[in-house]
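This is what each chain is made of:
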Amino acid sequence: MKKVYILLPIISTTFLSAQKRDSAQLISEVQIDAYKKPTAFISSTKSVSVVSQNLLNQNPPERMLESINQISGARMEERSPGSYRISLRGSTLRSPFGVRNVKVYLDDFILSDASGNTYFNIISPELINRMEIYKGPESGDYGAVTGGTVLLKTSDSEKMSANLATGSYGTFNQSFNLSRQLGKHFVEIFQNYYQTDSYREQSKVVRKQIFLKDHFQYAQNGSLKAMILYADLDYQTPGGLTLEQMQMNRKQARPATKTLPGAADQDAGIRNKMILAGLSNEYSFNRNFSHFILVQGSYVDFENPFITNFENRFEKNFALRTHFNYERNWEHISLAYRFGFEGGINDIIVKNYDNNRGIQGNPQNFDKIKNTSGFYFISQKLNIDEKLFTDISLSLNSNSYDWERSFPDVGQGKVSFKNQWLPNFGLNYSLSKGVSVRAKVGKGNSAPTNEEIRASDQQFNADLKPEYGWNKEFGIRKQFGNAVFVEGSYFDFRMKDAIVRRQNDAGQEFFVNSGETVQKGLELLIESKSFNLKNNIFSFFKFRMSGSFYRFTFENYRQNDADYSGNDLTGVPRTTVNSLLNFVLFKKLAVDYSHFYTSKIPLNDANSVWSEPSLVGNIQFRFPFEFDRTRLNLFLQIQNLYNEDYVSGFDINAFGNRYYNPAAKRNFVLGAKMDF
């Protein structure tokens, strides 16, 4: 199978030239898509951050951690290679792995399932051309989440490129990307093969991916988009260590105990095969009125040998999104309305067996879950004299699930959560050219996912309720000349019935509603354009710095006889500061020098165990060669430049104090990318 993935680009032939965006463009001048509601960044009412191509270039082949962590308010964690989660303003409180409480779209299409779970780790970083990250509840256009929304964008310009890289711990990466305009069709073909033995024992990763899309402009006022994504991800999970175990040997997998085998003994890991396909159509009836519709389906074959069991999941997903759009422009006023619906069905068969050293054994439990969710939404966007911008939306959200146990007992039930009206109001006012202030108020609601309703303890938790809350925020954006952009945002989010992870004495997880949280924070960004220094030695220079300063606490939260009210929110650092310097030496050698500072983190609800703060540095060198119409870029990435002992993803509230998943020491990736 590996040969098929590597040979695929060889049998695909064409030619084109790649075009790059102007690197001197400030973020304030960038247009954001906001799911087909385009606007200039500086006039957007939303708490949005753009992950540009410059930030995406910082990623090593296997993950998007480096680019996402440059965004204030966003944090990507790596528990082990292949196992990632995304936190937007603390939303990983309930996520042991994967992405929950964050809605993810891939171009027009919906990557999240109907229950709210997203297999984000199946996506190769090299497929993504750009990201938009929306922090906090958006409710209207995106439905019921309290964490936020991520829009992933694939290529929108012609290019053909091939990438080959190798590195520490047996790392090998190969990818091919072809995007070309063929008459009325814009076609993209992407293929990737990645593997690594990784830093720790029992942490090998293999990922294979193919992505095809076709944007067909069948009429001047109509376009049809088709997409198919296939991913095959297989990664081992070494498990969490205690502090003493980590200090003794950072590379070891979770060892055996008197009562339980270790991670290597049980060949613990995740094997996830997923295929996602969809069609969308957008048609403009006239200059004011248009319609959009999307249908998609996916199938997931998920296998998880764990310490205490061997789980198989078979998932079928269907989703529909449609909306009517009305837009009218006058001399001083622009007005737009959108009315629509998005819904999905997530149908899962879950079978758990004994795990006999990585081999499926006797059956434990067989269950079915069917999750149905959807929301109707209406939104209004108003622009007065390019000075006052408003974005008002309202959605009616529903969520329910049916469950059925067929072995060893027989039982069934249905849980329907109360429908939620979720309003959202945003305002942006331009004080002068290059200066804007904004305010935003919105309500979010997030129902438990299938993996929380029936967690690894294999019990149905019919008492688990959705979490919900109101978010209020204020922000200012300022561009200084054509050189530097500064943004500051303050938010206050009050959440009730927060969902929190627990573990039993076998290391199996379950979830509870933990009362209330108060989440207050300040987020800052300073970014420059790329300065041409007109110097043959030090040619170009660009800098970026972001920071998040949080005070997140539990309120009215008791666990048995313990009162945790006033404690810091588990798993969330109070302070993160990130920086990126890009400069060019001798007009050829590009250097990217980045830093990530994370303050100490509470690892349990009692706040009795905290992590150590960490400062991680990375550096990348890129050197281009020009050959007629071909450009070859050689690159060397050095990760964890200062050889820091740190953890990039903790197991919060872990039983037996197994909180720690040590990250790799200093390591490198050496590769070449060729643009034709």
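Residues numbered from 1 in each chain as written. Predicted model: local features only at pLDDT ≥ 70, side-chain atom pairs only at ≥ 80, totals over all residues. Heavy atoms only, no water.

**Regarding the overall build of the protein**
Thinking step 1. Per the secondary structure count, the protein includes 5 helices and 39 strands.
Thinking step 2. Against the 2.2 N^0.38 benchmark of 26 Å for 676 residues, the protein shows a C-alpha radius of gyration of 24 Å, consistent with a compact globule.
Thinking step 3. Taking the principal axes of the C-alpha coordinates as reference, the protein spans close to 70 × 50 × 50 Å.
Thinking step 4. Counting over 676 residues, the protein shows a buried share of 59%.
Thinking step 5. Within the protein, contacts between residues separated by at least 24 positions form 65% of all contacts whose residues are at least 6 apart in sequence.
Thinking step 6. With the model as given, the accessible surface of the protein reaches about 27000 Å², and the carbon-plus-sulfur share is 57%.
Thinking step 7. One finds the centroid of the 79 positive side-chain charges in the protein at a distance of 4 Å from the centroid of its 69 negative side-chain charges. (Helix = DSSP H or I, 4+ residues; strand = E, 2+ residues; numbered from the N terminus. Rg over C-alpha atoms; globule rule 2.2 N^0.38 Å. Buried < 20%, exposed > 50% of the residue type's maximum accessible area, 1.4 Å probe, protein only. Contact = heavy atoms within 4.5 Å. Areas by Shrake-Rupley, 256 points an atom, 1.4 Å probe, with all protein chains shown as cover. Lys, Arg positive; Asp, Glu negative; His and termini not counted. Charge placed at Lys NZ, Arg CZ, Asp CG, Glu CD.)

**Concerning the side chain of aspartate 141**
Thinking step 1. Looking at the secondary structure, you find aspartate 141 in the loop between β10 (130-135) and β11 (148-153).
Thinking step 2. Within the structure, the side chain of aspartate 141 is placed 2.9 Å from the side chain of lysine 37, a separation counted as a polar contact.
Thinking step 3. Looking at aspartate 141, its side chain comes within polar contact range of the side chain of serine 379, at 3.5 Å.
Thinking step 4. Each residue touching aspartate 141, except ones within four places of it in the same chain, is listed here: Lys37, Tyr105, Arg321, Arg338, Phe375, Phe377 and Ser379. (Polar contact = N/O pair within 3.5 Å; in protein donor to acceptor, adjacent residues only side chain to side chain.)

**Remarks on the confidence of the model for the protein**
Thinking step 1. Model confidence for the protein is summarised by a mean pLDDT of 91, while 95% of its residues fall at 70 or above.
Thinking step 2. pLDDT under 50 marks residues 1-24. Its contacts with residues more than four places away, or in other chains, come to 48 contacts. (pLDDT = per-residue confidence, 0-100.)

**Observations regarding the environment of leucine 382**
Thinking step 1. For leucine 382, the position within the fold is in strand β21 (residues 359-384).
Thinking step 2. Placed 53 residues apart in sequence, leucine 382 and asparagine 329 show a C-alpha to C-alpha distance of 10.0 Å.

**Some remarks on the sheet that holds strand β3 (residues 48-51)**
Thinking step 1. Pairing in this open sheet of 5 strands is mixed, and the strands run β3-β10-β11-β7-β8 from one edge to the other. The sheet is open, and its two edges are formed by β3 and β8 (109-110), each paired on a single side.
Thinking step 2. With 2 bridges joining them, strand β7 (residues 102-106) and β8 adopt antiparallel strand pairing. Counted as the bridge partner of leucine 106 is phenylalanine 109 from β8. (Pairing = 2+ DSSP bridges.)

**What to know about unusual backbone geometry**
Both trends apply: most residues other than glycine have a negative phi, and most peptide bonds are in trans.
Thinking step 1. Between phenylalanine 407 and the following residue, proline 408, the backbone shows a cis peptide bond with an omega angle of 0°.
Thinking step 2. Following the sequence through the fold, proline 408 ends up in the loop between β22 (388-407) and β23 (411-416).

**A look at a nonpolar patch on the surface**
Thinking step 1. The grouping of Tyr218, Leu224, Leu279, Ile293, Val295, Phe318 and Ile345 at the surface amounts to a nonpolar patch, some 530 Å² of accessible area in total.
Thinking step 2. Within the element layout of this structure, valine 295 appears in strand β18 (residues 289-305).
Thinking step 3. You can call valine 295 partly exposed: its relative accessible area is 35%. (Patch = residues over 30% accessible without salt bridge, like charges linked within 9 Å, V, L, I, M, F, W, Y side chains within 5 Å. Salt bridge = Lys/Arg side-chain N within 4 Å of Asp/Glu carboxyl O.)

**What to know about the pairing of strand β15 (residues 205-219)**
Thinking step 1. Where strand β14 (residues 185-196) meets β15, 12 bridges bridge the pair, whose relative direction is antiparallel. Residue pairing across strands places threonine 196 opposite valine 205, the latter belonging to β15.
Thinking step 2. In this structure, β15 lies alongside strand β16 (residues 222-236), joined through 13 bridges in antiparallel fashion. Directly across from isoleucine 210, in β16, lies its bridge partner tyrosine 230.
Thinking step 3. Here β15 folds back onto β16, and the loop between the two strands holds 2 residues.

**Some points on the pairing of strand β25 (residues 435-446)**
Thinking step 1. By the criterion of burial, β25 is predominantly enclosed, with 10 of the 12 residues buried.
Thinking step 2. In this sheet, β25 lies alongside strand β24 (residues 420-432) in antiparallel orientation, the contact comprising 8 bridges. From the neighbouring strand, leucine 427 faces β25, where its bridge partner is alanine 439.
Thinking step 3. The antiparallel hairpin formed by β24 and β25 contains 2 residues in its connecting segment, where glycine 434 sits at a positive phi of about 85°.
Thinking step 4. Of the strand pairs in this sheet, β25 and strand β26 (residues 467-480) are connected by 12 bridges, and their pairing is antiparallel. Note that in β26 the partner of valine 435 across the bridge is lysine 478.

**Considering the side chain of serine 446**
Thinking step 1. You can see serine 446 is positioned in strand β25.
Thinking step 2. Of the polar contacts made by the side chain of serine 446, one reaches the side chain of asparagine 101; its length is 2.9 Å.
Thinking step 3. Among all residues touching serine 446, those that are not within four sequence positions of it are Arg94, Asn101, Ala144, Val145, Thr146, Pro466, Glu467 and Ile499.

**Here's the deal with the pattern of salt bridges**
Side chains that differ in charge, positive against negative, can pair when their charged atoms come close.
Thinking step 1. Counting across every chain of the model gives 48 salt bridges.
Thinking step 2. Put simply, aspartate 107 and lysine 213 hold a salt bridge, and the shortest N to O gap is 4.0 Å. Linking aspartate 107 in the loop between β7 and β8 with lysine 213 in strand β15, this pair joins segments that are 106 residues apart in sequence. Take aspartate 107 and lysine 213: they sit in the same class, and that class is buried.

**Some thoughts on the nonpolar core**
As a rule of thumb, nonpolar side chains are buried together in soluble globular proteins.
Thinking step 1. Counting residues in each nonpolar core, the largest one holds 61 residues, and the members touching the most others are Phe120, Ile123, Ile128, Met131 and Leu152.
Thinking step 2. Not counting residues up to four positions away in its chain, the partners in contact with phenylalanine 120 are Met64, Ile68, Met76, Ile86, Val99, Val104, Met131 and Leu152.
Thinking step 3. Core analysis: the next-biggest nonpolar cluster, separate from the first, contains 13 residues, Met495, Val500, Tyr557 and Leu569 among them. (Core = buried A, V, L, I, M, F, W, Y, C linked by side-chain atoms within 4.5 Å.)

**Examining the packing of aromatic side chains**
Thinking step 1. Applying the stated rule across the entire model yields 30 aromatic pairs.
Thinking step 2. Measuring from ring centre to ring centre gives 5.7 Å for tyrosine 119 and phenylalanine 302, while their planes differ by 25°; the resulting arrangement is stacked. Of the two residues, tyrosine 119 sits in the loop between β9 (117-118) and β10 while phenylalanine 302 sits in strand β18, which places them 183 residues apart along the sequence. No difference in accessibility class separates tyrosine 119 from phenylalanine 302, as the two residues are buried. (Phe/Tyr/Trp six-rings, centres within 6.5 Å; stacked < 30°, edge-to-face > 60°.)

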